[in-house]
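Residue-level listing of the chains:
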2 protein chains.
Amino acid sequence: MSGVLPRVVVIGCGFGGLEAVRLLSKAPVEITLVDRTNHHLFQPLLYQVATAGLSAPAVSAPIRHVLRKEMRRGNLTILQGEVTAIDAARRRVVLDRADDPGGNSLAYDHLIVASGSTHSYFGHADWEAHAPGLKTLADAFAIRARVIGAFEHAERCAEPAARDPWLTFVVIGGGPTGVEMAGTMTEIAQHTLRGEFRRIDPKQSRVVLIEGADRILGTFVPMLSQRAAEQLAKLGADVRTGCKVTGIDADGVTYEARDGETTTSHRLAAKTVIWAAGVAGTPLGRNLAAATGAQVDRAGRVVVEPDLSLRDHPEIAVIGDLAAAMSHGKGEPKPVPGVSPGAKQMGRTAARNLLRRLRGEPTQAFRYIDYGNLATVGRKAAVVDLGVPGLGALRFSGLPAWLFWLFAHIYFLIGFRNRLTVMVDWAWAYVTYERSARVVAEPPSVAPHSGF
Amino acid sequence: MSGVLPRVVVIGCGFGGLEAVRLLSKAPVEITLVDRTNHHLFQPLLYQVATAGLSAPAVSAPIRHVLRKEMRRGNLTILQGEVTAIDAARRRVVLDRADDPGGNSLAYDHLIVASGSTHSYFGHADWEAHAPGLKTLADAFAIRARVIGAFEHAERCAEPAARDPWLTFVVIGGGPTGVEMAGTMTEIAQHTLRGEFRRIDPKQSRVVLIEGADRILGTFVPMLSQRAAEQLAKLGADVRTGCKVTGIDADGVTYEARDGETTTSHRLAAKTVIWAAGVAGTPLGRNLAAATGAQVDRAGRVVVEPDLSLRDHPEIAVIGDLAAAMSHGKGEPKPVPGVSPGAKQMGRTAARNLLRRLRGEPTQAFRYIDYGNLATVGRKAAVVDLGVPGLGALRFSGLPAWLFWLFAHIYFLIGFRNRLTVMVDWAWAYVTYERSARVVAEPPSVAPHSGF
């Protein structure tokens, strides 16, 4: 039976790929889902793993476990592997693993590419070693090791002057991730580590957030950007907008600050720098474009048709962060923001359009439904911008926004168990200021930058 | 004030080092604790991290947090770093980190060495790459990645025959760790992964426990070894005693089986091999012996005087797994077993003897008080051997032993939060057969052996 079903390959089990698979598993198609990891990651809370507030299993779930119901329908195969190329002419996906000749490529009739995004250093590849970004659990562990390790390093310095760069933390990029990282790192220094060191006072540490534009959280209305900046400052972070980073090395960050027509160059001596400034489509996007004649935008995202397919390859759809997709609602088409609801909605549209094609029906254009925008700043601090149908915009900040953010994230977490874990961890952290995952697994020699 | 206090350096924050620091922090001494990680590890539950049952933060705690009360007494400095040598003549401990000349050595008046043990491959260093051991959180993550990855690898094999070695798991060594690993891996294959694969049936996998002696759990009475073997077999593990491993490579294990006077050679094709057979003192033991003229035994443990100090260096004590210590109770001195109560008791004795020396009093010989021995086999399966004063030996197995084991381990876990986490996780796992930490952080290419 399954031999005659159309073969669908889905690449990537993020928010978009997962939705597509869930929907397709109910249809008469034979699905193969390929992901390079064994888990679906709830990326909105990944910064909490990086800042030692949550353990990795709390914000992720094994793909096989998440999809166990769909597995029972009998038309889904899950393979862990890395897609190295797409052979659009032969309709095959090429996987890694040369040791298994029969298992290193997959034939498809329909393909959904949802491999997501990675960091972009705007042409400065050498910055990556000094300023890691945050996309995977491995990234989060590496950042956790650096942040925790920096305080340890400072405590070991015999020379007081040598301690300062270890106690200066720079976050580059004032989007939601940068704001979350800066706010949380301030809390660690001001509260969590209190009284736990002898030679240094963690409260003397500085967290600097550098943003190129004139305000942080540029996707929000200016009033909420302003509120977020005020809340960050109140927590103790040093927010510097209108500052363009021009260099990052092992000892710090160089940036240019604009003030009207004057531009001044500045240097921050800092051993810990986090990159939250730019994302780009995974390399598979350019590979796919080369194989299909599709265009990629400057951020390496694949330009798709209104129905999310490729112009000359209607059997291929690109969704989520890898797609340069437009929302086709009333009025002019608008770009879809790179947030999880966008990826989920694209996953559903791509799956439905695939089934429409199988039935010989015309496909439909993607329309993004925007339920709003929220970002947390830190303890009791967040901004929320909701579009409530019939009520217009609802905007608030501070404690109510923070509570809204908390419950929204717990609600959308996958798995009852993870929801329970995160709720208990957050309640505990709220009362005690402790962070439950302040453990660095690797002996420090594993972290290449720390040197001890 | 602190300049005139005797300087005590403690190396290692395992069970022994932690107890010594806790006791010494109440005395007029200036303590520096050095550990290569930032956490105290509850090693008896480390196998649960390796088998994806618990997250790393559940079985470990930041040293600074564990010792926050002691920190407040004002005479404790905690440094994260690796001790590379002990200069006993100059009474200095040499640390890594050449970049900080002032910070790379520590002067001491008294030294307690508690750096613990590592794996021993009995002269076969090449086995390590194929059969990792379990001592650190990094080890546990590596084993977790291999065990979870093996099922993923099997699912990707196009050739059914190629799957078998990926579905064969070998544990070498039938001590408590080996028994725990074998029992838990059986549970994963038989229950946890049920229904989550398409091409393979995890229940078809095999877990083989290889032990050189004639029975597993050799430190228990033969009756309990027998019970443990029966319980393991009932769970589905294949226990092979009297088998001596002669080779380990990337494709499996070769061993010789004794049967009376006949010895036969066997080969097990297995891609996942866990080493639980031998431990040895950390390399610092030999370094210390060379610096002080102390003896090391065959396992690299430092031979100590009855009071745990070194013969020609009464200012140095060695405790825990690094010490070849004897218990001086009634009758002949007996070797101290390498279990956590032994390390804790040595930590207290070493600290008390140090304070006795400061007061000019004679030191006392170490006496190990044996409260019993327990090991878990798997779900509802364990063996317990208690020495109850006045009642003699109390031995039991099966469900009562398992419950006793559960509560004893929760009781001795450090930190209320960890106790709560572990209790909730275990209750959840008991009901659902799920394992809460089935997430492998690294993309598989990081694990050198898996190749995908």
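Keep in mind that this is a model prediction, so the values were computed, not measured.

(A) Broad picture of the overall build of chain A. Counting secondary structure elements, chain A contains 12 helices and 27 strands. Against the 2.2 N^0.38 benchmark of 22 Å for 452 residues, chain A shows a C-alpha radius of gyration of 23 Å, consistent with a compact globule. Each of the three principal axes of chain A carries a C-alpha extent, and together these read 70 × 55 × 45 Å. Looking at the 452 residues of chain A, the share that counts as buried comes to 54%. In chain A, the proportion of contacts linking residues at least 24 apart, taken out of those at least 6 apart, comes to 61%.

(B) Local environment of the packing of helix α7 (residues 176–192) of chain A against helix α8 (residues 222–235) of chain A. Residues and elements named next belong to chain A. Interaxial distance between α7 and α8 falls to 9 Å at its minimum, and their mutual angle equals 20°. In terms of axis orientation, α7 runs roughly parallel to α8. Here α7 runs over α8; the crossing is left-handed. Residues Val179, Ala182, Gly183, Thr186 and Glu187 of α7 form the contact with α8, whose own contacting residues are Ala228, Leu232 and Leu235. Looking at the contact of α7 with α8, its residues break down into 5 nonpolar, 2 polar and 1 charged.

(C) The sheet that holds strand β12 (residues 206–210) of chain A, seen in detail. All names here are of chain A. Across the sheet, 4 strands lie side by side as β13-β12-β11-β17; this open sheet has parallel pairing. Each having just a single partner strand, β13 (238–240) and β17 (272–275) make up the two edges of the open sheet. Along the sheet, successive strands turn relative to each other by an average axial angle of 20°, direction set aside. Here strand β11 (residues 168–172) runs beside β12; their pairing, made up of 5 bridges, is parallel. Residue pairing across strands places Val171 opposite Leu209, the latter belonging to β12. Lying over the sheet, α7 contacts β11, β12 and β17, oriented at roughly 170° with respect to β12.

(D) Seen up close, the relation of the copies chain B and chain A. When chain B is fitted to chain A, the residual RMSD is 0.0 Å, and the transformation amounts to a turn of 180° plus an axial shift of 0.0 Å. Taken together, the rotation and translation relating the two chain copies correspond to the operation of a two-fold axis. When C-alpha positions in chain B are compared against the rotation axis, the closest is assigned to Ser55(B), at 3.4 Å. A share of 100% of the interface residues of chain B reappears at the interface of chain A, consistent with the copies meeting face to face through the same patch.

(E) Representation of the domain arrangement of chain A. Domains assigned within chain A are domain 1 (2–36 + 81–119 + 280–358) and domain 2 (125–277 + 380–446). Look at where the C-alpha atoms of domain 1 of chain A and domain 2 of chain A centre, and you get two points 32 Å apart.

(F) Just the interface of chain B and chain A, in detail. Opposite the 51 residues of chain B that make contact, chain A presents 51 residues. At the level of elements, β4 (60–62), α3 (63–66), α4 (68–72), β5 (76–80), α5 (137–156) and α12 (416–432) of chain B are the ones that each hand at least two residues to the side of chain B that touches chain A. With 7 residues, α5(B) is the largest single contributor of residues to the side of chain B that touches chain A. Taken together, the residues of the side of chain B that touches chain A sort by class into 20 nonpolar, 14 polar and 17 charged.

(G) Fine view of the nonpolar core. Counting 166 residues, the largest nonpolar core has Ile172(A) and Ile172(B) as its most contacted members. Setting aside its immediate chain neighbours within four residues, Ile172(B) contacts Ala131(B), Ile210(B), Val245(B), Val273(B), Ile274(B), Trp275(B), Ala276(B) and Ala277(B).

(H) The sheet that holds strand β25 (residues 372–378) of chain A, seen in detail. All names here are of chain A. Spatially, β25-β26-β27 is the arrangement adopted by the 3 strands of the open sheet, whose pairing is antiparallel. Here the strands that pair on one side only, and so sit at the sheet edges, are β25 and β27 (392–397). Neighbouring strand axes in the sheet, compared pairwise and without regard to direction, differ in orientation by 10° on average. Pairing of strand β26 (residues 381–388) with β27 involves 6 bridges; the strand directions are antiparallel. Paired with Asp385 across the two strands is Arg395, which belongs to β27. Contacts from α7 reach β25 and β26, with the element oriented near 25° to β25.

(I) Examining helix α10 (residues 340–358) of chain A more closely. All names here are of chain A. A rise of 1.5 Å per residue sets the reference length of α10, with its 19 residues, at 27 Å; its end C-alpha atoms lie 27 Å apart and thus fit the reference within 8%. Taken residue by residue, α10 has Gly342, Ala343, Lys344, Gln345, Met346, Gly347, Thr349, Ala350, Ala351, Asn353, Leu354 and Leu355 as its buried positions. Of the surrounding elements, those touching the buried residues of α10 are β1 (7–11), α1 (15–24), β9 (110–113), β20 (309–310), β21 (313–318) and β22 (323–324). One or two positions beyond α10, positive phi appears at Gly360, with a value near 80°.

(J) Quick look at the environment of Thr184(A). Here Thr184(A) is to be found in helix α7. Taking the C-alpha atoms as reference points, Thr184(A) and Val377(A), separated by 193 residues in sequence, lie 7.7 Å from one another.

(K) Structural view of unusual backbone geometry. Residue Leu217(A) is not a glycine yet carries a positive backbone phi of 50°. Inspection of the secondary structure assignment puts Leu217(A) in the loop between β12 and α8. Positive phi, normally seen in glycine, also occurs at Arg91(B), with a value near 55°. Along the chain, Arg91(B) falls in the loop between β6 (83–87) and β7 (92–95).

(L) Molecular detail of helix α11 (residues 399–412) of chain B. All names here are of chain B. Between its terminal C-alpha atoms α11 stretches 20 Å, which fits the 20 Å expected from 14 residues at 1.5 Å a residue. Within α11 the residues assigned to the buried category are Ala401, Trp402 and Trp405. Angularly, the buried residues of α11 cover 100° about the axis, an arc narrow enough to put them on a single face. Seen from the buried face of α11, the exposed residues on the opposite side, beyond 90 degrees, are Leu399, Pro400, Phe407 and Tyr411. Those residues of α11 hidden inside the fold are in contact with β25 (372–378), β26 (381–388) and β27 (392–397).

(M) Local environment of the pairing of β7(B). All names here are of chain B. Residues Val93 and Leu95 of β7 are buried on one face, while the alternating residues Arg92 and Val94, pointing to the opposite face, are not. Sheet analysis places β6 next to β7, joined by 4 bridges and oriented antiparallel. Each bridged residue has a counterpart across the sheet, and for Val83 the counterpart in β7 is Leu95. As consecutive antiparallel partners, β6 and β7 are separated by 4 residues, and within that stretch Arg91 has a phi angle of approximately 55°, a positive value. One ladder, built from 3 bridges, connects β7 with strand β8 (residues 105–107); its direction is antiparallel.

Cut-offs applied
Residue numbers restart at each chain and count upward from 1, following the sequence in its written direction. To label them, take the chains in the order written and letter them from A, then take the ligands in the order written and number them from 1. Under the rules for a predicted model, residues below a pLDDT of 70 receive no local features and side-chain atom pairs below 80 are neither given nor counted, while totals for whole chains, interfaces and linings still include all residues. Secondary structure elements follow DSSP: runs of H or I no shorter than four residues count as helices, runs of E no shorter than two count as strands, and numbering proceeds from the N terminus. Radius of gyration here is computed from C-alpha atoms only, and the compact-globule reference equals 2.2 Å multiplied by the residue count raised to the power 0.38. Three exposure classes are used, all based on how many other C-beta atoms lie within 10 Å of a residue's own C-beta (placed from the backbone): buried at 20 or more, exposed at 12 or fewer, and partly exposed between those limits. Contacts here follow a simple rule: the backbone-placed C-beta atoms of the two residues must lie within 7 Å. Here an angle of 0 to 180 degrees is reported between the N-to-C directions of two axes, which are lines fitted to C-alpha atoms, with helices fitted over the stretch in contact. Roughly parallel covers angles under 35 degrees, roughly antiparallel covers those over 145, roughly perpendicular covers 65 to 115, and oblique covers all other angles. Rotating anticlockwise by less than a right angle from the far helix to the near helix defines a left-handed crossing, while the corresponding clockwise rotation defines a right-handed one. Throughout, the ten residues Ala, Val, Leu, Ile, Met, Phe, Trp, Tyr, Cys and Pro are labelled nonpolar, Asp, Glu, Lys and Arg are labelled charged, and all others, Gly among them, are labelled polar. When DSSP finds at least two bridges between two strands, those strands are taken to pair. Our superposition of the copies is a least-squares fit, built on the C-alpha atoms of residues whose pLDDT is at least 70 in both. Bear in mind that the domain bounds are from an automatic or database domain assignment. When buried Ala, Val, Leu, Ile, Met, Phe, Trp, Tyr and Cys residues are joined through C-beta atoms within 7 Å, the set is termed a nonpolar core. In this scheme, a helix's expected span is set at 1.5 Å multiplied by one less than its residue total. Taken from the helix axis, the directions to the C-beta atoms give the arc we talk about.

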